[in-house]
Amino acid sequence: MKLFEPLSRPGFQLANRIVMAPMTRSRSDAAAVVPAYAADYYGSRADGGLLITEGTGTSAMAIGYARTPGIYTEAQIDAWRGVTAAVHQRGGRIFLQLMHVGRIAHAANRTIPDPPVAPSPIRAKGQMWTDAQGMQPNDEPRALELSEIPGVIDEFAAAARNAMSAGFDGVELHAASGYLPNQFLATGSNQRSDAYGGPVANRVRFVVEALEAMITGVGSASRVGIKVSPGMQFNDIQDEDPVATHVALAQAIEPLGLAYVHVMRAGIGAENALRDAYRGTMLVGGGFSRDEAEAVIAAGRADAIVFGTAYLANPDLVSRFRKGAALNAPDKATFYTPGTKGYTDYPVLS
Ligand SMILES: Cc1cc2nc3c(=O)[nH]c(=O)nc-3n(C[C@H](O)[C@H](O)[C@H](O)COP(=O)(O)O)c2cc1C
């Protein structure tokens, strides 16, 4: 099967086309440090072609959810070293997903008193979990001043450097799911009238600059990827024309020579428009079975396939796919709960 064939691009080699999706697991401590047992979780999945970590904050301001990790303090970097060592010891490859929540935040989940920042001062509809106060509405954000944007971009460069220091093989920009980079892309959340808002050429600017900063931070574009989710309305993202926005983004970033563009399918066929518009490596995810993954790769519509919940529930997903074996069902109740239950205790086939 093509799913098990290696992928070889300059500076970016995968042993197979099975990629573990970035998944927030909410097991970090109050200092945004991943637990030691995260090394078992990621290490036991190291035979995937590429593992992408849970979204990880570039700064204290970038964090908005309970118990999510960061990559901006020495303690955080050191804890991640345990994860990368476990994956590398088993011959795997792992990218760190860099995340800035922007307006998707609540004060009870933050270590700083400042309100969240966003392209425009528009509160996102919806609620999020807080350990102290249960479900709470997203906080009202304040708009980033034009003069503050270079500082936010610099945090992506610093986080990317820290990721290299922690031993990661690369970094992925989380520009999907309604977080800060996606908030800049979308017309509903970006109502700026400066160089970062208005026409699509301006709305893609933040994402392009964040990627350039990450390339500087890691020293090579072949160690940088991006995730997008055109048409996904999660976290109150509204865009007048998500396909056109993302095609313009793909054209703007093609000259950068990234490791890959990772598209989460959202039911509007944007992954096909992007495949046609973008000549680089493309990963596609969202609700794939083994057989559909094989068919999409065989048809040349993706270079590798990203698996989320199936990989979460099956540390030995690659060997189960090889054998055509049944999969464990994911337990939603433990997706975001602290501790090892539902994290490192899914059974593997003997
Ligand atoms: C528990 C959980 C946490 C997730 N956290 C993230 C995240 O941190 N970053 C991200 O880009 N996507 C996140 N996602 C979305 C997944 O990366 C993936 O796009 C989605 O699960 C669809 O793929 P699937 O149908 O194979 O699960 C998360 C999904 C789940 C189930």
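Let us look at the structure shown here. Every chain is numbered independently, its residues counted from 1 as its sequence is written. Note on the predicted model: pLDDT of at least 70 is required for a residue's local features to be given, and 80 or more for side-chain atom pairs to be given and counted; whole-chain, interface and lining totals, by contrast, use all residues.

Turning our eyes to something else, we now look at the overall build of the protein chain. A helix here means a DSSP run of H or I that spans at least four residues, while a strand means a run of E at least two residues long, and both kinds are numbered starting from the N terminus. Scanning the protein chain for helices and strands turns up eleven helices and 14 strands. Considering only C-alpha atoms, the protein chain reaches an extent of 55 × 45 × 35 Å along its principal axes. Buried positions account for 51% of the 350 residues belonging to the protein chain. A residue pair is marked as a contact if its C-beta atoms, positioned from the backbone, fall within 7 Å. Taking contacts inside the protein chain between residues at least 6 apart in sequence as the whole, the part at least 24 apart equals 70%. Each residue is classed by its C-beta neighbour count within 10 Å, where at least 20 other C-beta atoms makes it buried, 12 or fewer makes it exposed, and intermediate counts make it partly exposed; the C-beta atoms are placed from backbone geometry.

Only the C-beta atom matters for nearness: placed from the backbone, it must lie within 6 Å of the molecule or strand for the residue to count as near. Contacts to the ligand come from 21 residues, most closely from Ala21, Pro22, Thr24, Gly55 and Gly308. Listed by contribution, the elements that provide at least two residues to the shell around the ligand are strand 4 (50-57) and helix 10 (309-313).

Further remarks concern the sheet that holds strand 13 (residues 282-285). Two strands are said to pair when DSSP picks up at least two bridges between them. Here eight strands make up a closed barrel; going around it, the order is 3-4-5-10-11-12-13-14 and the pairing parallel. On average, each strand axis in the sheet is inclined to that of its neighbour by 25 degrees, with strand direction left out of account. Inspection of the sheet shows strand 12 (residues 260-264) paired to strand 13 by four bridges, in the parallel sense. Of the residues in strand 13, the one forming a bridge with Met264 is Gly285. Lying on the sheet, helix 3 (residues 149-165) is in contact with strand 5 (94-99) and strand 10 (170-174); it crosses strand 5 at an angle near 155 degrees. Note on geometry: axes are C-alpha line fits, over the in-contact stretch for helices, and angles between N-to-C directions span 0 to 180 degrees.

Another aspect to go through is the packing of helix 7 (residues 242-253) against helix 8 (residues 270-277). Packing of helix 7 against helix 8 leaves a shortest axis separation of 10 Å and a crossing angle of 30 degrees. Accordingly, the angle class assigned to the pair helix 7 and helix 8 is roughly parallel. Crossing hand, helix 7 versus helix 8: right-handed. Mapping the contact onto sequence places Pro242, Val243, His246, Val247, Ala250 and Gln251 in helix 7 and Ala270, Ala273, Leu274 and Ala277 in helix 8. We call Asp, Glu, Lys and Arg charged. Ala, Val, Leu, Ile, Met, Phe, Trp, Tyr, Cys and Pro are nonpolar, and the rest, Gly among them, are polar. Grouping the constituent residues of the contact of helix 7 with helix 8 by class yields eight nonpolar, two polar and no charged. We call two directions roughly parallel when the angle between them is under 35 degrees, roughly antiparallel when it is over 145, roughly perpendicular when it lies between 65 and 115, and oblique otherwise. Here a crossing is called left-handed whenever its near helix is offset anticlockwise from the far helix by less than a right angle, and right-handed whenever the offset is clockwise.

This paragraph deals with the packing of helix 3 against helix 6 (residues 205-218). As a packed pair, helix 3 and helix 6 sit with axes 7 Å apart at the nearest point and diverge in direction by 35 degrees. For the element pair helix 3 and helix 6, the recorded crossing hand is right-handed. Counting all contacts with helix 3, which are made through Ile153, Asp154, Phe156, Ala157, Ala158, Ala160, Arg161 and Met164, the residues of helix 6 involved are Glu209, Ala210, Ala213, Met214, Thr216, Gly217 and Val218.

Looking now at helix 8. Here helix 8 has its buried residues at Ala270, Glu271 and Leu274. Taken around the axis of helix 8, the buried residues stretch over an arc of 100 degrees, which confines them to a single face. In the core, the buried residues of helix 8 are packed alongside helix 7, strand 12 and strand 13. Arc definition: directions from the helix axis to the C-beta atoms.

Attention now goes to the pairing of strand 10. Counting buried positions along strand 10 gives five out of five residues, so the element sits mostly inside the fold. Going residue by residue along strand 10, you find Gly170, Glu172 and His174 tucked away on one face and Val171 and Leu173 tucked away on the opposite face as well. Pairing of strand 5 with strand 10 involves four bridges; the strand directions are parallel. Across the sheet, the residue bridging to Gln97 is Glu172, located in strand 10. With four bridges connecting them, strand 10 and strand 11 (residues 224-228) associate as parallel partners. Residue pairing in the sheet places His174 in a bridge with Lys227 of strand 11.

Moving on to the nonpolar core. Within the largest apolar cluster, 103 residues are counted, with the highest numbers of intra-cluster contacts made by Val19, Val171, Leu211, Met214, Ile305 and Phe307. The greatest single-element share of this core, amounting to eight residues, is contributed by helix 6. To count as a nonpolar core, a set of buried Ala, Val, Leu, Ile, Met, Phe, Trp, Tyr and Cys residues must be joined through C-beta atoms within 7 Å.

The sheet contact formed by strand 7 (residues 127-130) and strand 8 (residues 134-137) spans four bridges and is antiparallel. Across the sheet, Trp129 pairs through a bridge with Met135, a residue of strand 8. Linking two consecutive strands that pair antiparallel, namely strand 7 and strand 8, is a turn of three residues.

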